[in-house]
Amino acid sequence: MANSKLLDVSPHYEFAVHGMTCASCVRRVERSIAKIEGVEKVNVNLASETAHVELSRQDLPAEQIIAVIAKAGYEAALIERADKQTQEQIENRNREIAGLKRDLLIATLFTVPVFILEMGGHVIPGFHDWLHAFLPMQTSWIIQWVLTTIVLAFPGRRFFTLGVKSFMQKSPDMNALVAIGAGSAYVYSAIVTALPEIIPENSRFVYFEAAAVVSTLILLGRYLEARSKGQTGQAIARLIGLQAKTAHLIENGQVRDIPLDELKVNDTVLVRPGETVPADGVVVSGQAHINESMMTGEPLPVSKSQGDKVVGSTVSTNGSLTVKVEQVGENTVLANIIKMVQQAQADKLPIQNILDVVTSRFVPAVLVVAVLTFMAWMVWGPEPLLPHALTATVAVLIIACPCAMGLAVPVSIMVATGRAAQLNILFRKASALQILKDTKVVVFDKTGTLTHGRPELTDLQVTDDFEQAQLLAHVAAIEQRSEHPIALAIVKAAQEQNLHLPPVDDFHNIMGAGIQARIGNDHYLIGSEKFLVSQGADISALAEKGMAFARVGKTPIFVAVNTQAAGLFVIADTVKEDAASAIAQLHNMNIKTVMLTGDNPQTAQAIAHQLNIDKVYAQALPDDKVKYVNQIKQEMGTLVFVGDGINDAPALANADVGVAIGTGTDIAIESADVVLMGKSIQNVAHAVSLSKATFKNIYQNLFWAFAYNVALIPIAAGVLYPAYGLGLSPVFAAAAMALSSVFVVTNALRLRRFSIK
């Protein structure tokens, strides 16, 4: 990773919002915040329970927004550090789950006797006759009344308090539907029990069990949903778990342990073998191998010594380092990765905007349907009219709660972006997750994207009179005096073989041509064919081989010793190991591939042929890249551009989805929608596959969320009653409503098992 510059710097706030239960809650919070002067854009996410607020002016205090959210009926807290807040959210979620579990147990304890007293006869033949022999019906009703009152007044109170608030805000939500449904059944039953004379005799029925069981089942749904939603944030929790808890601070030659929060920039810390690097910094002394797989996905540890950068939360597998701290807290690479994942999880897909409009009108529409249902039963229903009308109306109100609708999209986004982070794919914008599934063409930069971005010695051929290892050692000894990338490639090759480099005399660098030098009594010429020939060297034995390498885009470097042809060093920017398989995976998905590079046509065509890339545009300047990107988009459709350099930034910004290689420049990363950690480009294909899997999952969720409403609301209203005598009990309606939300969350959690094929 270049460094931690990963996020937009426009003024904004992130808030944790507690108490939201459905899509209507989201809509209410968004509308309340949007009315504040100075708020440019607001995005509230039900699954992550967050609000992202973009500002048009920087002097708008967070306290003002928190107060507005509180007025809307919810609790809010400013998120100042992503990693700290996530830990707090985990703790809050655990407290919420514990509270719901407690309330569910209390509700169940008092609901079961109510259900047995009222419904036992429907389950066990003769139960009611046996029961009423020693417990009169009126006494049974009073007991049910007391027990149901406890259920609604304590564990079920939340539905009424939140429901009333939503009505006062003129934006009724699912709590309002439950409150009306359960409350209607309770009030009617209480009147029948306390003042039976005002109710016609054939209508004297009680529905305490409906009020109690509905509340208990919805609490069960809330509890299961909260447990499932807690699992959606496990990816971020694991990222946070990578952080060190303490740091070994070195002061005045002494080492003492301090909490990570107390670490400051320019502090010096000790990292022992097997320990986690506490913060981003630079190695002052020591040598160790660092496991950077959490950053790059590369399994092999990387050697670090004086002057090398190290990233916080990576692990020293062996060796000890002294590190000077350069970034701490929210400025570290890991903190910014966490922040980026959270921002993507809280972001809204374009499809969510349509759902928001639907759900904002859904609850009012349900209330209208409920009123019409009540009226229809009172006019055309069988005797007793009022109990039948009440039962159908309560069932409509309960079955129509839009919990599943509100969760269908954001919970899938949360799980998908978390899984992507585990695969070293970071979404800076959730909208990219939606666009990627429609990808028609992927355009690659060459240098640093398809290739490693640095020259390497790929071939070495020597004539009969010379020995390969010795010639490599001698040429490397000469080249180490040069800073040219080709020279560095040759020196690196010699170092990898642990060759001894002899002393060099009379070194002369002829700019743009080659090098002359002497080792012992031998005079060396190193450079292009033209240069060596101009110096009187006979390299005819190697000339044809050199031309063959040049034709495939490699650079031949000729070496002559005492004007006699000695060897041919072939330098090339080698293709990444996974490039060919990445291109093949894209082709298997019927996605075209294009290479867009500033390199010469010969080299570009050679690499394109090697990788089986469909089309090549060579010698493209940064402005040309933008022109070609727009042209390819028009010709082929949805376009993804993959690059890593400063010159790729305009093309990344103009693509439908810009994908930056995480080892590239900050400017490229900031211009991209998706960042691939490490060097692998196979994750381009994986990102597209994950996008397709995510939207398949979202469509499944939406189908379930809407289908059960579309199918069961008419049944609850009684459309099947005239022909078949079938209706829907409020108890079954509550069970279906609760299970629909649990199904949506559970289905989304399957994305955690998304695997790379």
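For clarity, every value in this text was computed on a predicted model and none was experimentally measured.

S.K.: Account for the overall build of the protein, with residues named and values stated.
M.R.: In terms of helices and strands, the protein carries 29 helices and 24 strands. Taking 27 Å as the expected radius of gyration for a compact globule of 757 residues, we find that the protein reaches 35 Å, considerably beyond that expectation. Seen along its three principal axes, the alpha-carbon backbone of the protein occupies a region of about 125 × 65 × 55 Å. For the protein, buried positions account for 53% of its 757 residues. The long-range share in the protein, meaning contacts at least 24 apart out of those at least 6 apart in sequence, stands at 70%. Of the roughly 32900 Å² that the protein leaves accessible, carbon and sulfur atoms contribute 57%. Here the protein contributes 60 positively and 68 negatively charged side chains, and the mean placements of these two sets differ by 6 Å.

S.K.: Please provide a residue-by-residue account of the sheet that holds strand 17 (residues 522-527), values included.
M.R.: The strand order 14-19-18-17-16-15 describes an open sheet built from six strands, whose pairing is antiparallel. One side of each edge strand has no neighbouring strand; the edge strands of this open sheet are strand 14 (451-462) and strand 15 (505-510). Each adjacent strand pair in this sheet contributes to an overall mean axis angle of 15 degrees, direction not counted. Across seven bridges, the pairing between strand 18 (residues 555-561) and strand 19 (residues 564-575) is antiparallel. Residue pairing across strands places phenylalanine 558 opposite leucine 568, the latter belonging to strand 19. In the packing of helix 21 (residues 540-551) onto the sheet, contacts are made with strand 14, strand 18 and strand 19, and the angle to strand 19 comes to roughly 5 degrees.

S.K.: Any chance you could break down the packing of helix 13 (residues 385-399) against helix 27 (residues 682-717) for me, citing the residues and the numbers?
M.R.: The interhelical angle for the contact between helix 13 and helix 27, taken along N-to-C directions, is 170 degrees, at an axis separation of 8 Å. Of the possible angle classes, the one that applies to helix 13 and helix 27 is roughly antiparallel. Along its contact with helix 13, which presents Ala392, Ala395, Val396 and Ile399, the element helix 27 presents Tyr708, Asn709, Leu712, Ile713, Ala716 and Ala717. A breakdown of the residues in the contact of helix 13 with helix 27 according to their chemical character gives nine nonpolar, one polar and no charged.

S.K.: Before we move on, can you summarise the packing of aromatic side chains with the specific residues and values?
M.R.: A complete count under the given rule lists seven aromatic pairs for this structure. Geometrically, the ring pair formed by tyrosine 186 and phenylalanine 208 is edge-to-face, given 6.0 Å between the ring centres and 70 degrees between the ring planes. Of the two residues, tyrosine 186 sits in helix 7 (residues 174-194) while phenylalanine 208 sits in helix 8 (residues 208-232), which places them 22 residues apart along the sequence. Phenylalanine 208 carries the same exposure label as tyrosine 186, and that label is buried. An angle of 70 degrees between the planes, with centres 5.8 Å apart, marks the rings of phenylalanine 695 and tyrosine 699 as edge-to-face. You can see phenylalanine 695 and its partner tyrosine 699 sitting in helix 27, four residues apart, about one turn around the helix. What makes phenylalanine 695 buried here is its relative accessible area of 1%. A cation over an aromatic ring shows up here: lysine 437 above the ring of phenylalanine 695, its NZ or CZ 5.2 Å from the ring centre.

S.K.: Describe the UniProt feature "transmembrane region" (unreviewed entry) in the protein, with residues and values.
M.R.: The feature "transmembrane region" (unreviewed entry), as given by UniProt, occupies residues 104-124, 130-155, 176-199, 205-224, 362-380, 392-416, 702-724 and 730-749 in the numbering adopted here. Across residues 702-724, the secondary structure splits into 87% helix and 0% strand, with the terminal C-alpha atoms separated by 30 Å. As annotated, residues 730-749 has a helix share of 100% and a strand share of 0%, and its two end C-alpha atoms lie 29 Å apart.

S.K.: Run through helix 29 (residues 730-749), naming residues and quoting values.
M.R.: Compared with an ideal rise of 1.5 Å per residue, which puts 20 residues at 28 Å, helix 29 spans 29 Å between its outermost C-alpha atoms and is within 8% of the ideal. Counting buried residues along helix 29, 14 of its 20 residues qualify, which places the element largely inside the surrounding structure.

S.K.: Report on the packing of helix 5 (residues 137-153) against helix 7, specifying residues and quantitative values.
M.R.: Viewed as axis vectors pointing N to C, helix 5 and helix 7 meet at an angle of 145 degrees, and their least axial separation amounts to 10 Å. For the crossing formed where helix 5 meets helix 7, the hand is left-handed. For the pair helix 5 and helix 7, the contacting residues are Gln138, Trp141, Ile142, Trp145, Thr148, Thr149 and Leu152 in the first and Tyr186, Ala190, Val192, Thr193 and Ala194 in the second. Its residues assigned to classes, the contact of helix 5 with helix 7 comprises eight nonpolar, four polar and no charged.

S.K.: Describe the nonpolar core, listing the residues and the values that go with them.
M.R.: The biggest cluster of nonpolar side chains holds 128 residues, and the ones touching the most others in it are Met20, Ile33, Ile65, Ile218, Phe427, Phe444 and Leu450. Look past the residues within four positions of isoleucine 65 in its chain and what remains in contact with it is Tyr13, Phe15, Ile33, Ile36, Val53, Leu55 and Leu60. By size, the runner-up hydrophobic cluster in this structure holds 24 residues, among which are Ile490, Ala493, Ala494 and Tyr524.

Analysis parameters
Residues numbered from 1 in each chain as written. Predicted model: local features only at pLDDT ≥ 70, side-chain atom pairs only at ≥ 80, totals over all residues. Heavy atoms only, no water. Helix = DSSP H or I, 4+ residues; strand = E, 2+ residues; numbered from the N terminus. Rg over C-alpha atoms; globule rule 2.2 N^0.38 Å. Buried < 20%, exposed > 50% of the residue type's maximum accessible area, 1.4 Å probe, protein only. Contact = heavy atoms within 4.5 Å. Areas by Shrake-Rupley, 256 points an atom, 1.4 Å probe, with all protein chains shown as cover. Lys, Arg positive; Asp, Glu negative; His and termini not counted. Charge placed at Lys NZ, Arg CZ, Asp CG, Glu CD. Pairing = 2+ DSSP bridges. Axes fitted to C-alpha atoms, helices over the stretch in contact; angles between N-to-C directions. Parallel < 35°, antiparallel > 145°, perpendicular 65-115°, else oblique. Nonpolar A, V, L, I, M, F, W, Y, C, P; charged D, E, K, R; others polar. Phe/Tyr/Trp six-rings, centres within 6.5 Å; stacked < 30°, edge-to-face > 60°. Lys NZ or Arg CZ within 6 Å of the ring centre and 35° of its normal. UniProt positions renumbered as here; feature names shortened; annotations may be inferred. Expected span 1.5 Å × (residues − 1). Left-handed = near helix turned anticlockwise from the far one by under 90°. Core = buried A, V, L, I, M, F, W, Y, C linked by side-chain atoms within 4.5 Å.

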